[in-house]
Amino acid sequence: MTTSPLAELSTHVSTLKSRIVQAATLAELLADEPFIVGKRSILSTLQKSLGALAPEDRKAAGAELQEARRGVEETFALRRAELENAARAIALEADRLDLGDVVVAHVTAPLAVGHPGIVAATQRQLEDVFVAMGFTVSDGPEVESDWYNFEALNIPPAHPARGMWDTFYVDLGEPETVVLRTHTSPTQIHLMEEAVAAGTLPIHGVMPGRCFRRDTPDARHLATFHQIEGLVVDRGITFADLAGVIETFTHAYFGADISSRLRPAFFPFTEPSAEFEITCTICRGEGCRTCSQTGWIELGGCGMLDPAVLEAVGVHGDEWSGFAFGFGIDRCAQMRHQIADMRALIDNDVRFLRQFS
Ligand code: PHE
């Protein structure tokens, strides 16, 4: 009597099942698939050998083999699902953003890393230039009393000079007594008051910060903008020191081919006062539309501290003198990077922002 080709079937089945269960990774299992359930499996070899059986035995043997195959395939499918789940869990774990105790979404896209905006970056560069020149950096409140923003700066209530600053008033206390600062000059007042109280004069400081005016935004103005204020209070300070500081700053920040010039102007808190202008950075002084063919662009105001301001903060004018200047940080960024329309600074269009990383 010939032995049935299926005599060893149950041994083969257990060998196949233990191979399946021992596969440690999905890749390992899939690589073994042809040998377990595919064409190169013992099950396929046995299938072929059934042809040698007598027709009356073939049907039962076929059914037996079919049953065995179903069992192996089931084990294979179960193990495959198990390994797939494990692989997914590992991938998720690797992608998880762990912020302390808070587990955030699973992120599969690369994270975009931000960078300081152009105004913040410009402010830092300006601070660096002034720190290198021996200035300290301070800041002050964005909401000010009328006294700091105007009165202490020699601009009494209802004085026509107030028209120079279109003011946002805060609905607090008596009407029109609390303002969003219209310039950084009130920080001068804070600094001088503190230095007088602490007996720490002289002052060589710059004060950057956010300012607000009821301006309609256009290519060269924003209602929320940034200024940097400069203040020097020391013995024997003259207008020549002011002009020297402005010129040194202009070369350091804009480059050797950009110069500054001062033109007579009026501010209630400085006397004499000047507007300071720099060589137009668009045409380098040749004359163009941006500078109205003059070759110069106005950057800010400056002047010698008015005796009335020194008096308001208790600085003795017979011992101390000084100067102040103030200019727009946004305007600086616009000039340095040749940005045609300043409103681009607040649009938050990433295509614009990315150019300044
Ligand atoms: N605060 C003035 C302005 O915003 C600029 C300025 C500062 C002028 C300091 C003189 C001295 O217009």
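What you see is a predicted model, and the numbers here were worked out from it, not measured in a lab. (Residues numbered from 1 in each chain as written. Predicted model: local features only at pLDDT ≥ 70, side-chain atom pairs only at ≥ 80, totals over all residues. Heavy atoms only, no water.)

**Things to note about the site of the ligand**
Here's step 1: Lining the immediate surroundings of the ligand are 14 residues, of which His-183, Ser-185, Arg-213, Gln-227 and Glu-229 lie closest.
Here's step 2: Between a nitrogen atom of the ligand and a side-chain N or O atom of Ser-185, the distance comes to 2.9 Å.
Here's step 3: Going through the elements one at a time, strand S7 (224-234), strand S10 (296-305) and strand S11 (321-328) are the ones with two or more residues in the shell around the ligand.
Here's step 4: Per-element tally for the shell around the ligand: the top contributor is S11, with 3 residues.
Here's step 5: Per-class residue counts for the shell around the ligand are 6 nonpolar, 6 polar and 2 charged. (Near = heavy atom within 4 Å. Polar contact = N/O pair within 3.5 Å; in protein donor to acceptor, adjacent residues only side chain to side chain. Helix = DSSP H or I, 4+ residues; strand = E, 2+ residues; numbered from the N terminus. Nonpolar A, V, L, I, M, F, W, Y, C, P; charged D, E, K, R; others polar.)

**Section: the nonpolar core**
Here's step 1: Core analysis: the largest hydrophobic core is formed by 43 residues, its most contacted members being Phe-130, Phe-249, Phe-254, Phe-325 and Phe-327.
Here's step 2: Ignoring any residue separated from it by four or fewer positions in sequence, one finds Phe-327 in contact with Leu-126, Phe-130, His-226, Gln-227, Ile-228, Phe-249, Phe-276, Leu-299, Gly-300 and Cys-332.
Here's step 3: Membership of the second largest hydrophobic core comes to 25 residues, among which are Ala-152, Leu-153, Leu-201 and Leu-231. (Core = buried A, V, L, I, M, F, W, Y, C linked by side-chain atoms within 4.5 Å. Buried < 20%, exposed > 50% of the residue type's maximum accessible area, 1.4 Å probe, protein only. Contact = heavy atoms within 4.5 Å.)

**Concerning the sheet that holds strand S8 (residues 260-267)**
Here's step 1: The strand order S3-S6-S7-S11-S10-S9-S8 describes an open sheet built from 7 strands, whose pairing is mixed. Edge positions in the sheet fall to strand S3 (136-137) and S8, since each of these pairs with one other strand and no more.
Here's step 2: Direction of pairing for S7 relative to S11: antiparallel, over a ladder of 8 bridges. Among the inter-strand pairings, Gly-230 is bridged to a residue of S11, identified as Phe-325.
Here's step 3: Of the strands in this sheet, S8, strand S9 (270-279), S10 and S11 are in contact with helix H8 (residues 239-254), which crosses S11 at around 30°. (Pairing = 2+ DSSP bridges. Axes fitted to C-alpha atoms, helices over the stretch in contact; angles between N-to-C directions.)

**Some thoughts on the domain arrangement of the chain**
Here's step 1: Looking at the chain, the domain boundaries give domain 1 (9-104) and domain 2 (118-356).
Here's step 2: Taking only C-alpha atoms into account, the centre of domain 1 sits 76 Å from that of domain 2. (Domains from an automatic or database assignment.)

**Some points on the pairing of strand S6 (residues 203-212)**
Here's step 1: A large share of S6 lies buried, amounting to 8 of its 10 residues.
Here's step 2: Direction of pairing for S3 relative to S6: parallel, over a ladder of 2 bridges. Looking across to S6, one finds that Val-137 is bridged to Val-206.
Here's step 3: One ladder, built from 10 bridges, connects S6 with S7; its direction is antiparallel. By the bridge assignment for S7, Gly-205 is matched with Leu-231.

**Looking at the side chain of Asn-149**
Here's step 1: Tracing the chain through its elements places Asn-149 in helix H6 (residues 146-149).
Here's step 2: Only 3.0 Å separates the side chain of Asn-149 from the side chain of Thr-182, close enough to count as a polar contact.
Here's step 3: Residues within four places of Asn-149 in sequence aside, it is in contact with Glu-144, Ile-155, Val-179, Arg-181, Thr-182, His-183 and Pro-186.

**With respect to the pairing of S8**
Here's step 1: Both S8 and S9 contribute to a ladder of 7 bridges, which runs antiparallel. Counted as the bridge partner of Ser-260 is Ile-278 from S9.
Here's step 2: Count of turn residues in the S8/S9 antiparallel hairpin: 2 residues.

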